[in-house]
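# Understanding the architecture of this molecule
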Amino acid sequence: MNTPTRALALAVLIATAATGCAAGQNQPGTAASGASSTEQAPEVVKPGFTTKGGNINVLMSSDFQTLDPGNSNYVQTANVGQLYYRNLTMAKETAGQPPTIVPDLATDTGQVSKDGLTWTFTLQKGVKFEDGRPITSADVKYGIERTFAQDVYTQAPQELNAALDAGGYKGPYKDPSADLKAVETPDERTIVFHLKKPFAEFPALASRSNTSPVPKDKDTKLDYTNHPVSSGPYMVDSYSRGKSLKLVRNRNWDPSTDPNRSALPDTFSFSLSTSQATISQQLLANSDPNALTLDSNGALQTSDSAKLADAQVKDRVASGLLGCNDVLSLNTEKISDPDVRKAIALALDRQSILVQYGGRRFGELTQTPLNAKMRGYVAQDLEIDPTGKPKLEEAKKLLEGKNYPKTLTYGYANNRDAYKNTGTVIQQNLKALGIDVQLVPIPAPNYYSVLASDQLPDIARSGWCGGADPASVRTSADPILGPNNDGTSYGFSNTSRYFDPQISKAMFGLRNTAGTSEELGKKWSEEFGKALKTYPIIPLVRSHTNSVVGSNIRNAQVGYFFGGIDLSIVGVEH
């Protein structure tokens, strides 16, 4: 999943969360980054709180890209989304660990047929929309059908769709008479999925927002983002795009059907246009005891690092190692020569980039978006220095005799100084190769839409939080560098637009290959490693997030997948 940081994400990118690394463990080749186990140990602020009531103020530097579950591939959206929509299954967070897939609207995590090609889910009794009407299997199916309309929803998650035996289905709008035969609803509580090939991790795919129910008569296409119909504990009371959002209790949510969400506050009030510098200062000073933020790294600025140890602050810091990784995507259509891409990678001073992120307290250098705790992981072998030092002479040698672009653009989301400052480092590093880098700020809410458009910059930072199953290689490898749904070009979250006739074909074939998660993870890891060695992306930082909350906030844990405070369990003293 992308993170804007993408939660597919993707994902962000983000994500969207990536690993099973225990707190304190460095990834292979990153020992020199040196974060101690104490620095990386998860910290939960005042856990065990159970009192209902009160209001939480969520300070954010920009709006959500969308509130529509059918057009969402971002961890921030998924984080707030768990307050107003539910899926068949849910990725339940524990600080510092990959999430666990648990039943949500469904009674269990699905029943699979002997041949592995059919998964069946049963809806719980008594689940309702905010208007009191029962949620049926047809509502879930319609929510899935919408996400096939990629001409309307450019950011719709596609992992589940790619697994279904859906033929050429294009969504419910162009041809309303067309039927998504891969999803059957034999009665009001039963949903049957037909797959192309067995997919051991299908319960994780069912946790994606595709399976959020949408009542067909309330579907307003792109305007649905203004008031998605709630199936969760809260519903939209008011929403002013780019300014504010208020969520109030959904009186038709039955807590007996939902042990995953404590739903403690009465309301959540979002401020959607506060600068990150202001957010960080307000939180550090505790000027609003009821406040928290979902911004990346708790909106903290590089200069704030030392303040986290202050006696007035340290007990209000939720932290933990995340599954989220930041990478630089190189536009392979513009920078088409793998040697040129490798030269760019070798020339970068990644140590300096880590400093822009706030140093070791905020992350560690990584050699790959995958990691050793993923099932079937195979070590990735890149030639960039694991300690982040540039290899400038090797880079220059690679460019000898090459005809390569002398001017490149670097695009960055304009809500965080670290992203701009990373561009300044890149600018300085590539100048030594005779490449002039122009910095292009992009409004944060539109960042990944721009990356998916013709306005894609030549170099772009993006984040990825592991997709539907953070311990699965596939749910990171396939979205980041895999092909599209018919295997003929780059895939949806593939922001480098990487496509190789052999490697991408092999990845496409793996989607239809049977085997255990371990067996397939090894194969995915091998193909991803081959692609990685042509440098369509340059691994940067695996995140360790610190997020300061107000003194009245309780149960504040940083979600491994969300990269921010987990809104499903947070409470407030009042």
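Residues numbered from 1 in each chain as written. Predicted model: local features only at pLDDT ≥ 70, side-chain atom pairs only at ≥ 80, totals over all residues. Heavy atoms only, no water.

Looking now at unusual backbone geometry. In this model, Lys 221 sits at a positive phi of 55°, which is unusual for a non-glycine residue. The phi dihedral of Asn 297 falls on the positive side, at around 55°, and the residue is not glycine. Inspection of the secondary structure assignment puts Asn 297 in the loop between strand S11 (291–293) and strand S12 (317–330). (Helix = DSSP H or I, 4+ residues; strand = E, 2+ residues; numbered from the N terminus.)

Looking now at helix H2 (residues 75–84). A large share of H2 lies buried, amounting to ten of its ten residues. On the buried face of H2, the contacting elements are strand S2 (89–94), strand S8 (234–240), strand S9 (244–249) and strand S10 (267–271). (Buried < 20%, exposed > 50% of the residue type's maximum accessible area, 1.4 Å probe, protein only. Contact = heavy atoms within 4.5 Å.)

The buried fraction of S12 is high, at 14 of 14 residues. With ten bridges joining them, S12 and strand S17 (residues 537–548) adopt antiparallel strand pairing. Paired with Asp 326 across the two strands is Val 541, which belongs to S17. As paired elements, S12 and strand S16 (residues 459–464) share six bridges and run antiparallel to each other. Each bridged residue has a counterpart across the sheet, and for Leu 330 the counterpart in S16 is Ile 459. (Pairing = 2+ DSSP bridges.)

Counted by the stated rule, this structure contains 26 salt bridges. Among the salt bridges present, the one from Arg 461 reaches Asp 326, with a minimum N-O distance of 3.1 Å. Placement of the pair is Arg 461 in strand S16 and Asp 326 in strand S12, with a sequence separation of 135 residues. Residue Asp 326 is classed as buried on the basis of its relative accessible area of 2%. A salt bridge links Asp 458 to Lys 334; the nearest nitrogen and oxygen atoms lie 3.1 Å apart. In this pair, Asp 458 is assigned in the loop between helix H11 (447–451) and S16 and Lys 334 in the loop between S12 and helix H7 (338–347), connecting sequence segments 124 residues apart. Overall, Asp 458 belongs to the buried group, its relative accessible area being 8%. Residue class for Lys 334 comes out partly exposed when judged on its relative accessible area of 35%. (Salt bridge = Lys/Arg side-chain N within 4 Å of Asp/Glu carboxyl O.)

Applying the stated criterion to the full structure yields 14 aromatic pairs. Summarising the aromatic geometry, the rings of Phe 148 and Tyr 169 are spaced 5.4 Å apart at their centres and angled 75° between planes, so their arrangement reads as edge-to-face. One end of the pair, Phe 148, is in the loop between helix H3 (137–146) and helix H4 (159–163); the other, Tyr 169, is in the loop between H4 and strand S6 (183–187), with 21 residues separating them in the sequence. Neither residue differs from the other here; Phe 148 and Tyr 169 are each classed as buried. Here the aromatic residues Phe 64, Tyr 234, Phe 268 and Phe 270 are joined through ring pairs into a cluster of three or more. (Phe/Tyr/Trp six-rings, centres within 6.5 Å; stacked < 30°, edge-to-face > 60°.)

The subject of this paragraph is the environment of Tyr 239. With respect to the element layout, Tyr 239 can be found in strand S8. Between the C-alpha atoms of Tyr 239 and Val 75, which are 164 residues apart in sequence, the distance is 20 Å. Filtering out sequence-adjacent residues up to four positions away, Tyr 239 remains in contact with Asp 63, Phe 64, Leu 67, Thr 225, Asn 226, Ser 244, Leu 245 and Leu 272. There is a polar contact of 2.8 Å between the side chain of Tyr 239 and the side chain of Asp 63. (Polar contact = N/O pair within 3.5 Å; in protein donor to acceptor, adjacent residues only side chain to side chain.)

Time to look at the sheet that holds S6. As summarised here, the arrangement of the four strands in space is S4-S5-S7-S6, forming an open sheet in which the pairing is antiparallel. Taken across any chain shown, the strands that pair with only one partner, and hence form the sheet edges, are strand S4 (111–112) and S6. On the sheet, H3 packs against S6 and strand S7 (190–194) and is oriented at approximately 170° with respect to S6. (Axes fitted to C-alpha atoms, helices over the stretch in contact; angles between N-to-C directions.)

A separate point is the confidence of the model for the chain. Looking at the chain, the pLDDT average stands at 89 and 93% of residues meet or exceed 70. The low-confidence segment residues 3–38, where pLDDT is below 50, has 205 contacts with residues more than four positions distant or belonging to other chains. (pLDDT = per-residue confidence, 0-100.)

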